[in-house]
Every structure is written in C-alpha cells, then in structure tokens.
Amino acid sequence: MPELLIELFSEEIPARMQTRAASDLQTRVCDGLREAGLEFKAAQSFSTPRRLTLVIEDLASESPTSSEERKGPRVDAPEKAIEGFLRGAGLTRDDLEVRDDKKGQVFFAKITKPGRTAEEIVAVVLPDVVRNFPWPKSMRWGQGSLRWVRPLHSILCLLSDDGDTRVVAMDLDGITSGNTTEGHRFMAPGRFEVSSFVDYSDKLHKAYVMLDANARAELIEEQAKALASEAGLELVEDAGLLREVAGLGEWPVPLMGEIGAEFLDLPPEVLQTSMREHQKFFSVRDAKSSRIERFITVANRETADNGATILAGNQKVLAARLADAKFFWENDLRVAKSGMDPWTEALANVTFHNKLGSQADRIERIAALAKELAPVVDADPDLAEQAALVAKADLSSEMVYEFPELQGVMGRYYAAEAGLPAEVAATCEEHYAPLGPSDDVPTAPVSVAVALADKLDTLTGFWAIDEKPTGSKDPFALRRAALGVIRLVLENKVQLELNDAIYASNSIRVDQVLRKEREELVEEFARLQESAAQFQDLLNMVAQKRKSSYLGYITQFLEERASVFDEEKSRDEQVSHAIDYIIEKRANMDFGAFDRRTLDLPNFFHDRLKIFLRDQGVRHDVIDACIAMEGNDDLALLVKRARALQEVLSTEDGENLVQGFKRANNILTQAEEKDGVEYSYGPDAKFAEGPEEKALFKALDEAEESIKTALDSQDFASAMTSMAALRAPVDAFFEAVQINTDSEITRRNRLNLLHKIRSICLQSADLTRLEG
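Residues numbered from 1 in each chain as written. Predicted model: local features only at pLDDT ≥ 70, side-chain atom pairs only at ≥ 80, totals over all residues. Heavy atoms only, no water.

Colleague: Quick question: what am I supposed to make of the overall build of the chain here?
Modeller: Counting secondary structure elements, the chain contains 28 helices and 18 strands. Taken over C-alpha atoms, the radius of gyration comes to 38 Å for the chain, far larger than the 28 Å a tight globule of 772 residues would show. For the chain, the spread of C-alpha atoms along the principal axes amounts to about 95 × 85 × 70 Å. Looking at the chain as a whole, 47% of its 772 residues are labelled buried. Residue pairs at least 24 apart in sequence account for 69% of intrachain contacts in the chain once pairs closer than 6 positions are excluded. The averaged location of the 133 negative side-chain charges in the chain is 4 Å from the averaged location of its 93 positive side-chain charges. (Helix = DSSP H or I, 4+ residues; strand = E, 2+ residues; numbered from the N terminus. Rg over C-alpha atoms; globule rule 2.2 N^0.38 Å. Buried < 20%, exposed > 50% of the residue type's maximum accessible area, 1.4 Å probe, protein only. Contact = heavy atoms within 4.5 Å. Lys, Arg positive; Asp, Glu negative; His and termini not counted. Charge placed at Lys NZ, Arg CZ, Asp CG, Glu CD.)

Structure (structure tokens):
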C-alpha cells in the first residue's frame, strides 16, 4: 500500500508554534483523508524551524465506491420542490424511484459515488489544509493571497509504493508540488530529490538536518551535561528552555562559554533568568555552592573554529545584558538597605483592579487577614502582619520591573538586606505558592498565613464584585487560587473554617472601604462649608455631588435627624454626626452586599476539592456524601471524612452495609409517607421477638456509643469501621424479620429500629448520596 510523504518548507517557524503546527498538520490531513474514505495504518509528524513534515503509512490506493439512498418529496409535491431535490442529488427524473410511504407515494433516489484514487484525494485535501491552517499568527507575501506563518517556499508531496514514486500535483498561488527539498541553510544549501520517507530522512541527516524535535532535545541535553561535567560543574535543568531551543536550529551544537567575573556575585536567579529570557542560554553551576559560573548556548551549525567566534559574540552580548541586571540589583539594594517603605508606598499608585483598589489597598487587607489567620496555623500574628506588609514590596523594584517572573524571589533578598526577620524574608518568596498542582506548598507558619490571606482576599474580592469564573474563562486565575487554598490547608493539616475566614475577609474589606469613604466625606464637607449658608444646605450640596452613593442616606438623615439640631450646636458637631450616620448606613449595606455575593464561595471550593480528590482516586459521590454533613467548610476535616468513607466502602462489609442502610431507608421512607408520621421515637428492646432482632438492638447500642466517641475525637476511620461492623447483624435482621407484621406495636417498633439504623449510619456521612 502507498506511503504518503508531505513536507511544507518555509522560512523559520517560531519555536513555540512548531509542535502544535506539526500536530495540526497531522490531524487535519488525516481527518480529510478519512472523510474521503481513505484508510491508513499509521501517521507521524515532525517539525524543524524550516519545515513541517507528515508521513502516512499503508495508505489505501483508492477510496471505495459508496452509495446512499435519499428520500425525496411526494410525487404530487410542487414542481420546484422536486427540481430542488434532483439538483441536490445530481440526478434526473428518470433516475428516481417511486415508493409507497405513510404519506402516499414518495420519490427515492439512489446516489452512487464512485471511488477516487489516493492521488486525487490528496490533491484536494492538502491544499485545503494549507489554506485554512490554524496558525496563531500568519502573513501574506508577494502578490498572492496565501497566508502562512512565514513565507512558504516549496511543497513536497509524494506517493510511493514498491519503488514507484509519483508527485501529487497541486498548485497553491504559484507554489507547485514536487519531489525536492533543502538541507541546512548554511552547511548544505541547495535542493535535492527524495523518493520515500526513509530516503528523505537519510538525505536530510546527511544535509545536517535533524528531523525529530525530541532527538534534537536529547542531543542538546546530553552534550550540555557532558560539557558541564568536563568543567567540574553541573547543568541547571530547564525543560521549558530545552523544548524552545530544540526548535531554534536544525543541527544543534551546544557550546559552553564564560560569564564575566564582575557578574558572578549576582543572585543565581538573576543570572539564570537574564540568560534564559534574553539569550536562551542554559545556566551551569557549581554543585557545592550553587553559584552559576558558566553558560551553554546552542549554535545552529558546526564551524571551523569549533564555535569560538560564536561564543565570543554571545559573551559580548551577555555582558551588556548582565551589566543592566547588575545596575538594577545595586540600585535595589540601596533602597532595601534603608527599608522597603518607598516601594510599598509606590504601590498606592498601582491599580490592582478598578473595583478593588490599588496594590497598597490589597496589601493592607492581606496583612489584616494574615494577622487573624495566624493563630489557626500556629504563626505569630505580629510577624504574619509584618511579612504581609512587605511581601509584595519588590513589585516596585527595578529588577522585578525588568523580570516580572522574579517577583517574590527578589523580595526574599531585599527583605534580608533590610534586616527583616528570616521568616519575613522567606514569606516574600513563598506566599505566592502554590501556583500549580505540582508546586511545593509552603510549610513555615508565617508563609502559610500570608499565602492563605493572599488567596482568600483575591477570591472574596472578586466574588464581592461579581467577577466569577464562567465556563472555561478564568481571567483572574480564581480556580488556581482556590486550589492553592485547598493544598495549603490539606498539606499543612490546617483546620480552617472557610465560612469564618470569608466573613473575616469581608469585614476587613468593608472596614477599609468605609474608612476611605469617611476620609473623602470629611474632605468634601470641609471644602463645601465655606459656600454653605446653613447646615441643611451643606448636606444638600454633598448629596448633589454624590448622587449614586449618598443621596438616599443624606435624604434619610435630613428627614430623621436634622430637626434635632439647633443653632447652639457647632457646625463641626453637626457635620460629624451626619458623617457617622451615613457611614453607619453604608456599613450595613456594604457588608450585607459582600456577604450575599460570597454565599456560594464555599461551593466553589467544594467543586475544586472534588476535582483535586478525584485525581487521587476518591469517588465523587463519596465527596458529595461528606459535603452534605455539618462542618463541611473545614476542608481538612471534610477530606479526612471522605478518605475514611472511601476506605470503608472498599471493603465487603462497608459495601454491604450501605446496601442494608439503603434498604432500611427505603422501607422507612415509604412507611412514613404512607402513615403520615415520623418513626423517630426510639425502639424498645422489650418488643424484640427473635434472636436476630435482639442481637441487632445490642449491636446498635454498642455501635452508637463507639461511633459517638470516635466522632467526638474526629477519628472518622474508627467511626466508619464501627459502622461497617453492623453489616452482619443488619443482614441477619433483614433475613429473619418481617417489618410490616400484623402486630401494629411490633411494626412500629421495627420501623423505629430502622430509624435508629438510619440515624447511626448518617452520623459519619450522608449515605443517601452514594451511587449504586
């Protein structure tokens, strides 16, 4: 069966686009072939900076002939309807067949589509793929209308089968397909013919082109590690940079260069970031001191001087980059030595969100919340507040302005330089974590307190202004913040009641808003007093200026309280009293609004928790059963309960007890609906008749006591183990006893006994929410 080889050869494709583009080429071409009826065995795509390649193995030589039957209009339908059906089917009236149908006689058409050769199908599919390729950005060049990420130079499209190779002919804006390609731009210029994928890949390698991006990455990593090892150093691994650099050249040649001695004392994070972001260099460090001492660059060619000229140029450019970094570092150190206040004050001019204030406002809220949360995580409240006040100060530094990814890292250096406690310096870096599911979670109490406060302030703030995630949209990374809170709580075993934390965060936000509004009102009254003849005129003037926020409150104040003032009271007294009245009204309104808007925030945490635990193998219905219990805002307690229930359900006793519970619950529910009463008055053992019933009474009494003791100490595993031990007596009871007996007293007593089974089983989790 034929092999299809496609290569789209162009100017350099950005490294970040290559992998996705190769995948898109494979997906779209393969989908097009399948839709046309061409089957194949396997497909593989490749990318280099100058080419996208696709090889498809064992492609069918032609598509099968297909036929379909299509129902048309009734025989007595209008002529236009019949003509339209004929046009759509590509048939004449003589080709139609008349059949009897429920609605009378109806036209039917049998449409036969003859198979097409693979060559014909590819010649249609590939041009369509190229013209509609989903590049993030594309361009036009010359006079044509074709768009590609960079100018497209040639198209190689071959069908080969047992030595017979033929070009699939096509023309895209003057670019005709052929059987030639090019090698390395500098080391092997010029075109050459190929006849199959094996011939293509072999000749490319001889022409200094490594087709496989993974192979290029492995070579770069292997040779870079070898160069570092020869110098007695080690390579700083960077998977993201490795992927990018593998897409920058077709024949990678790693070279190791030196960093100027005047730059070696820069923080290693600064050196690594500057070299990675600006130059795409790998860092090489001393394994003992962790000091970065050299760099590795990846050239795109071999040279007669073994890369000496390339290294000289790179070292010259790097020196200029690091000179800038050193300048930023030294300037920042001068600020840090005198304290970090200038940076924190500058954040008052940086807007966090137009409805949530400046970064300085946010820092003030985080500090207040961190102080409140500190006792929950065994942190010193004053130290937590101090750490929160400087944790984001480095956002104003020159280094972080140049390299935003160093926020927090530089804060740790600057806080230490300012002489702040070690816990405060560590918090500057750690409070951002965790940023992703694989990030480490801070464990130092002060860092945990500030990290929790930071994320909770973000969540309650955006909930308060009704900016919640919708569908796949989450512009403020609120899902990530919620997952961060979950991991901080669980991995540090923090028993944090979310409802209390949300209430505290709302209170802090309202207090801040009202304080600012009080200050604004005082200033406004002071400005207007000169032009107001009477106190009432003054209130009216303020009301007119603040129609949206204060008019209603000021009107109420005039109606309710202004009459009690007389001329003997000073203007300042009256103004102060009016401001107090307005702020009091605003406080009730604002807090009520924030509180209402954040009511569903715990549900958001529960949704994130379900995803988090599902990835750890905990069933979603198990989590639902535990969320239904009281105290579900304590995430650590909730997870502890869910894991205990999951473990019990994995046993035969646990699974069977759930079935017994559901049986008891169903019988009891039906009886209560039928009788119109609730059987919850407590069963009496003296009415027990058989050994199985008496044994169940005894087992329930013992289990009730042991379960209560275990739950009081939050030992859910023991509580659920005791509950699972009820499996045998419950099973025996149902096997031996008839609930709806003729004796009404016995029936009621047994229904009350079922209620006891239900209430005991529901103490640990809401088993009614379990599936199956």
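Colleague: What exactly am I supposed to notice about the sheet that holds strand S14 (residues 253–258) here?
Modeller: Reading across from one edge, S13-S15-S16-S14 is the order of the 4 strands in this open sheet, with antiparallel pairing throughout. With one partner strand each, in any of the chains shown, strand S13 (234–235) and S14 form the two edges of the open sheet. Both S14 and strand S16 (residues 292–299) contribute to a ladder of 6 bridges, which runs antiparallel. Across the sheet, residue Val253 finds its bridge partner in S16, namely Ala299. (Pairing = 2+ DSSP bridges.)

Colleague: Just checking my understanding: could you explain the side chain of Arg608 for this structure?
Modeller: Among the structural elements, Arg608 can be located in helix H21 (residues 601–614). Despite its burial, Arg608 remains without a salt bridge, the nearest opposite charge being carried by Asp607 at 6.4 Å. Sequence-distant contacts of Arg608, that is, excluding residues within four places in its chain, are made with Arg479, Ala482 and Ile486. (Salt bridge = Lys/Arg side-chain N within 4 Å of Asp/Glu carboxyl O.)

Colleague: What exactly am I supposed to notice about the packing of aromatic side chains here?
Modeller: Aromatic rings considered in pairs are described by the distance between their centres and by the relative angle of their planes. Overall, the coordinates contain 15 aromatic pairs when judged by the stated rule. Between Phe46 and Phe197 the ring centres are 5.6 Å apart and the planes differ by 20°, which places this aromatic pair in the stacked class. Here Phe197 lies in helix H4 (residues 197–206) and Phe46 lies in strand S2 (residues 42–48), a separation of 151 residues in the sequence. When its relative accessible area of 9% is taken as the criterion, Phe46 is described as buried. Ring plane angle 90° and centroid distance 5.8 Å describe the contact between Trp329 and Tyr413, whose orientation is recorded as edge-to-face. Taken together, the residues span a long stretch of sequence, with Trp329 in helix H8 (residues 308–337) and Tyr413 in helix H13 (residues 409–417) at a distance of 84 residues. For Trp329, a relative accessible area of 13% puts it in the buried group. Residue class for Tyr413 comes out partly exposed when judged on its relative accessible area of 22%. Members of the aromatic cluster, joined through ring pairs, are Trp329, Trp343, Tyr413 and Tyr414. (Phe/Tyr/Trp six-rings, centres within 6.5 Å; stacked < 30°, edge-to-face > 60°.)

Colleague: So what exactly am I meant to see when it comes to the packing of H21 against helix H22 (residues 620–627) here?
Modeller: In a pair of packed helices, the angle between the axes and the distance between the axes together describe the arrangement. Contact geometry for H21 and H22: axes closest at 10 Å, N-to-C directions at 145°. Judged by the twist between their axes, the crossing of H21 over H22 is right-handed. Contact with H21, carried on its side by His606, Lys610 and Leu613, involves Ile623, Asp624 and Ile627 of H22 and no other residues of that element. Grouping the constituent residues of the contact of H21 with H22 by class yields 3 nonpolar, 1 polar and 2 charged. (Axes fitted to C-alpha atoms, helices over the stretch in contact; angles between N-to-C directions. Left-handed = near helix turned anticlockwise from the far one by under 90°. Nonpolar A, V, L, I, M, F, W, Y, C, P; charged D, E, K, R; others polar.)

Colleague: Teacher, can you tell me more about the sheet that holds strand S5 (residues 97–101) here?
Modeller: What holds strands together in a sheet is hydrogen bonding between their backbones, with the strands either parallel or antiparallel. Overall, antiparallel pairing links the 3 strands, which are arranged S4-S6-S5 in an open sheet. At either end of the open sheet lies a strand with only one pairing partner, and these are strand S4 (66–74) and S5. Pairs of neighbouring strands in the sheet enclose a mean axial angle of 35°, with direction left out of account. When S4 meets strand S6 (residues 104–113), the two strands line up antiparallel, connected through 7 bridges. Looking at S6, one finds that Ser66 is bridged to Lys113.

Colleague: Would you mind going over the nonpolar core with me for this structure?
Modeller: If you look at the biggest cluster of nonpolar residues, it comprises 137 residues, and the most contacted ones within it are Leu459, Phe605 and Leu645. Those residues in contact with Leu645 that sit more than four places away from it in its chain are Val622, Ala625, Cys626, Met720, Ala765, Leu767 and Leu770. In terms of nonpolar packing, the next biggest core, distinct from the first, is built from 38 residues, Leu4, Leu52, Leu159 and Val168 among them. (Core = buried A, V, L, I, M, F, W, Y, C linked by side-chain atoms within 4.5 Å.)

Colleague: Is there a simple way to think about the pairing of strand S15 (residues 282–285) in this case?
Modeller: The two faces of a sheet get side chains in turn, since along a regular strand they alternate between them. Across 2 bridges, S13 lies against S15 in antiparallel orientation. Looking across to S15, one finds that Glu234 is bridged to Arg285. Looking at chain direction, S15 and S16 are connected through 4 bridges and run antiparallel. From the neighbouring strand, Arg285 faces S16, where its bridge partner is Ile292. Hairpin geometry of S15 and S16 is characterised by an intervening segment of 6 residues between the two adjacent antiparallel strands and by a positive phi of about 65° at Ser290.

Colleague: Please clarify how unusual backbone geometry should be interpreted in this entry.
Modeller: Trans is the common state for peptide bonds, and a negative phi is the common state for residues other than glycine. Put simply, Ala433 and Pro434 share a cis peptide bond, and its omega is -5°. At Lys280, a position not held by glycine, the phi torsion is positive, near 60°. Within the fold, Lys280 resides in the loop between helix H7 (268–279) and S15. The phi dihedral of Asp378 falls on the positive side, at around 60°, and the residue is not glycine. Tracing the chain through its elements places Asp378 in the loop between helix H10 (359–373) and helix H11 (381–390). Classification of Asp378 by relative accessible area gives exposed; the value is 68%.

Colleague: Can you help me understand helix H18 (residues 535–545) in this one?
Modeller: Helical geometry note: an α-helix holds 3.6 residues per turn, so side chains three or four residues apart project in the same direction. Taken residue by residue, H18 has Phe535, Leu538, Leu539, Val542 and Ala543 as its buried positions. Take H18 and look down its axis: the buried residues cluster within an arc of 135°, on one side only. (Arc of directions from axis to C-beta.)

Colleague: Where do I start with the environment of Thr27 in this structure?
Modeller: Position of Thr27 among the secondary structure elements: in helix H1 (residues 15–35). Taking relative accessible area as the criterion, Thr27 reaches 39% and is therefore assigned partly exposed.

Honestly, that's just the spatial picture; any functional story needs more than this.
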